[in-house]
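Per-entry structural report
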Amino acid sequence: MKNVASCWSTALVAAMLLRAAPGQAQNPTFRPAKVKPYPMGEGFNQAGSDAKALALADRVMAQMGGYEAWQNARLIGWDFFGDQYQIWDKYTGDFHWQKGDLVANYNLNTRQGKAYKAGQDISATDEGQKLLAKMYPIWVNNSWWLVMPFKLKDSGVSLTYQGPGKLMDGTPAEGLSMTFKNVGVTPENRYELLVNPKTNLVEEWAYFPRATDAQPAFRRQWTEYRPYGSIQLSGDRSDGKDGRRLDHIAVLQTVPAGLMQSPTPVEKLK
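**Brief notes about the overall build of the protein**
Along its length, the protein carries three helices and 14 strands. Burial status across the protein gives 53% buried among its 270 residues. Put simply, 56% of the contacts in the protein that link residues at least 6 apart link residues at least 24 apart. For the protein, the accessible surface area stands at approximately 12,200 Å², while carbon and sulfur atoms represent 52% of it.

Structure representation (structure tokens):
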């Protein structure tokens, strides 16, 4: 398997940031994959999960493009609520992050990298060290908001079927509960995911800071799915009022020369 960083977290950073123009679909001929069981991550809590939940996860994965398509997708770029832009090379673990005149080029496997401000190397400074120390949690959080539906059977996850539910607009849905053990940076979280049985896509989630919480901290949409290469991704993360979204989404199979080592902000991928 070419992909890196199989262990995932549910770190949450509340983002009250800017809105940008939506990304564009790259493959209008996209077709869902055939529904079939896909491999569980090493350490997935099969004993603490149930058959209905696993079958629903398989349907979601197929509708998103399928396990093989996800494994083969290499370079992913996206905005995180407007003011952060990042590019992740899933094959190598390289992660390029930028915000204003700040840039970090980091490797998720080695946990090493370089930090820059206005093109100048600040890696050895306090500011640079603090920025680099945040890179892994930033990647965990920002990528989770984009690719969570591909991670339903990852290491450390317990997945249980919650029965019928409804989206915020009243649309019937099927519920999943997702909890975590010994994985990531905030394993105490819990998510409730609502899957539209007509689309087989996660179209809403609710976030609980602690698994025992009775009420979620928020509930948000996962809508406006579009094909990017051979997979689907969703940009809308609104609560129905604030219009928050992830934009400039792109999935490429090749890495432009020098992109992941650039000390200055790069153009957003298309």
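**Quick notes on the sheet that holds strand 8 (residues 172–180)**
Taken together, five strands build an open sheet; the order of strands is 7-8-9-10-11 and the sheet is antiparallel. Each edge of the sheet is formed by a strand with only one pairing partner; in this case those strands are strand 7 (157–166) and strand 11 (218–221). Strand-to-strand, the axes of this sheet are offset by a mean angle of 20°, without reference to chain direction. Lying over the sheet, helix 1 (residues 51–63) contacts strand 7, strand 8, strand 9 (190–196) and strand 10 (201–208), oriented at roughly 85° with respect to strand 7.

**Quick notes on the packing of aromatic side chains**
In total, this model carries 18 aromatic pairs according to the counting rule given. Judged by centre distance (4.6 Å) and plane angle (55°), the ring pair of F80 and F81 falls under tilted. Across this residue pair, the class does not change: F80 and F81 are buried. Between Y136 and W139, the aromatic rings sit 5.4 Å apart at their centres with planes inclined by 50°, giving tilted as the arrangement. Of this pair, Y136 and W139 both sit in helix 3 (residues 126–147), separated by three residues, roughly a single helical turn. Judged on exposure class, the residue Y136 and its partner W139 are both buried. Ring pairing ties together the aromatic residues F80, F81, W144, W145, F180, Y191, W205, Y207, F218 and W222, which thus form one cluster. Lying across the ring of W70, K90 places its NZ or CZ 3.9 Å from the centre.

**Observations concerning the nonpolar core**
By size, the foremost hydrophobic cluster in this structure holds 60 residues, and its most contacted members are F95, L152, M178, L193, W205 and L233. With 11 residues, the single largest contributor to this core is helix 3. Setting aside anything within four residues of it in sequence, one finds M178 in contact with W144, K151, L152, V157, S158, L159, N189, R190, Y191 and L193. Counting nine residues, the second largest nonpolar core, distinct from the first, contains L75, L252, M260 and V266.

**Points about the sheet that holds strand 6 (residues 120–121)**
Here seven strands make up an open sheet; going across it, the order is 6-5-4-3-2-1-14 and the pairing antiparallel. Taken across any chain shown, the strands that pair with only one partner, and hence form the sheet edges, are strand 6 and strand 14 (250–252). Note: strand 2 (residues 84–89) against strand 3 (residues 94–99), four bridges, orientation antiparallel. Its bridge partner being in strand 3, W88 is matched across the sheet by F95. Helix-sheet contacts for helix 3 involve strand 1 (75–80), strand 2, strand 3, strand 4 (102–107) and strand 5 (112–117), and the interaxial angle to strand 4 is about 75°.

**Here's the deal with the pattern of salt bridges**
With the rule as written, the count across this model stands at 15 salt bridges. With a closest N to O distance of 2.6 Å, D247 and R245 form a salt bridge. We note that D247, like R245, is buried. A cluster of three or more residues bridged by salt bridges with shared partners is formed by R220, D242 and R244.

**Side note on unusual backbone geometry**
With a phi angle near 60°, N200 is a residue other than glycine that sits in the positive phi range. Tracing the backbone shows N200 in the loop between strand 9 and strand 10. Within the chain, H248 stands out as a residue other than glycine whose phi angle is a positive 50°. Secondary-structure assignment places H248 in the loop between strand 13 (231–236) and strand 14.

**Considerations on the confidence of the model for the protein**
The share of residues in the protein with pLDDT of 70 or more is 87%, and the mean pLDDT across the chain is 89. Ignoring residues within four places in sequence, the model shows residues 1–27, a span with pLDDT below 50, making 98 contacts including any to other chains.

Procedures and definitions
- Throughout, a residue's number is its position along its own chain's written sequence, starting from 1.
- Local features in a predicted model are, by the rule used here, given only for residues with pLDDT of at least 70; side-chain atom pairs are given and counted only at 80 or more, and totals for whole chains, interfaces and linings are based on all residues.
- Note: side-chain values were computed over all heavy atoms of the structure, leaving out hydrogens and water.
- What counts as a helix is a DSSP run of H or I of at least four residues, what counts as a strand is a run of E of at least two, and both are numbered from the N terminus.
- Classification of residues uses two cut-offs on accessible area relative to the type maximum, computed with a 1.4 Å probe and protein chains only: under 20% is buried, over 50% is exposed, and between them is partly exposed.
- Any pair of residues with heavy atoms lying within 4.5 Å of one another is described as a contacting pair.
- Surface accessibility follows the Shrake-Rupley procedure with a 1.4 Å probe radius. Residue values consider only the protein chains on display as shielding.
- Here, strands pair whenever DSSP counts at least two bridges between them.
- Interaxial angle, 0 to 180 degrees, is taken between N-to-C directions of lines fitted to C-alpha atoms, where a helix line uses only the stretch in contact.
- Working definition: rings of Phe, Tyr and Trp (its six-membered ring) pair if their centres are within 6.5 Å, and the pair is stacked with planes under 30 degrees apart, edge-to-face with planes over 60 apart, and tilted otherwise.
- Any Lys NZ or Arg CZ that is within 6 Å of a ring centre and within 35 degrees of that ring's normal is treated as a charge sitting over the ring.
- For this analysis, a nonpolar core means a set of buried residues of the types Ala, Val, Leu, Ile, Met, Phe, Trp, Tyr and Cys, connected via side-chain atoms within 4.5 Å.
- Salt-bridge detection follows one rule: a side-chain nitrogen of Lys or Arg within 4 Å of a carboxyl oxygen of Asp or Glu.
- A score between 0 and 100, pLDDT records how confident the predictor is in each residue.

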